[in-house]
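The primary structure of each chain is shown beneath.
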Amino acid sequence: SFSFSLAGFIEEPERKYCFECDSEEQCQEWIEALKRASYEFMRRSLIFYRNEIQKMTGKDPLEQYGISEEARFQLGTRK
C-alpha cells in the first residue's frame, strides 16, 4: 500500500495524520485536493477580511500592493 502523512499544524504541532491509499496515483490525487482546499480557504479568508477592512476604512487594503483589480481576490469569482 501507499501512504503519506501531514504534520506541523499550528494548533497541534505534535499531531500527525497518516493517509493510506491503494496506489501512488491516488496519493497524488489526495495531496493535490488538500492543496486546493487550503488555497481556497485562504482565498476566501482574504476576501472576507479585505471587504471588512474596506467597510471600516473606505480603502482597499490591497491597493497599495498593486493587486486591487485582480479577479482572483474579488467576490464572486473562482480561480
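For every chain, the first residue of the written sequence is number 1, and numbering continues from 1 along that sequence. Under the rules for a predicted model, residues below a pLDDT of 70 receive no local features and side-chain atom pairs below 80 are neither given nor counted, while totals for whole chains, interfaces and linings still include all residues. Remark: hydrogens and water are excluded; side-chain values derive from all non-hydrogen atoms of the structure.

Going by what an unreviewed UniProt entry lists, the protein chain is known as PKHJ1 protein and is assigned to Casuarius casuarius.

**A closer look at helix H1 (residues 24-57)**
Look at H1: 49 Å from first C-alpha to last across 34 residues, which is about the 50 Å you get at 1.5 Å a residue. Exposed residues in this analysis have more than 50% of their type's maximum accessible area, buried residues have under 20%, and partly exposed residues fall in between, with area computed by a 1.4 Å probe over protein chains only. Under the scheme used here, helices are H or I runs from DSSP no shorter than 4 residues and strands are E runs no shorter than 2 residues, and both carry numbers assigned from the N terminus. Within H1 the residues assigned to the buried category are Cys 27, Glu 40, Arg 43, Ile 47 and Arg 50. Packing partners of the buried residues in H1 comprise strand S1 (2-7) and strand S2 (16-21). In the segment just after H1, Gly 58 is the residue with positive phi, at about 80 degrees. Multiply 1.5 Å by the residue count of a helix minus one, and that product is the helix's expected span. Any two residues whose heavy atoms approach within 4.5 Å at even a single point are treated as in contact.

**Description of the packing of aromatic side chains**
The pairing test for Phe, Tyr and Trp rings, Trp by its six-membered ring, is centres within 6.5 Å, and the orientation test on the planes gives stacked under 30 degrees, edge-to-face over 60, and tilted for anything in between. Scanning all chains against the criterion turns up 3 aromatic pairs. The interplanar angle of 5 degrees and the centroid separation of 4.9 Å between the aromatic rings of Phe 4 and Phe 19 together place this pair among those described as stacked. Of the two residues, Phe 4 sits in strand S1 while Phe 19 sits in strand S2, which places them 15 residues apart along the sequence. For Phe 19, a relative accessible area of 24% puts it in the partly exposed group.

**Considerations on the environment of Ser 3**
Relative to the assigned elements, Ser 3 resides in strand S1. Separated by 25 residues in the primary sequence, Ser 3 and Gln 28 have C-alpha atoms spaced 9.9 Å apart. Excluding its chain neighbours within four sequence positions, the residues that come into contact with Ser 3 are Phe 19, Glu 20 and Cys 27.

**Here we look at the domain arrangement of the protein chain**
Looking at the assigned domains, one finds that the protein chain contains domain 1 (1-36) and domain 2 (40-78). For the domains described, the bounds stem from an automatic or database domain assignment. Distance between the C-alpha centres of domain 1 and domain 2: 30 Å.

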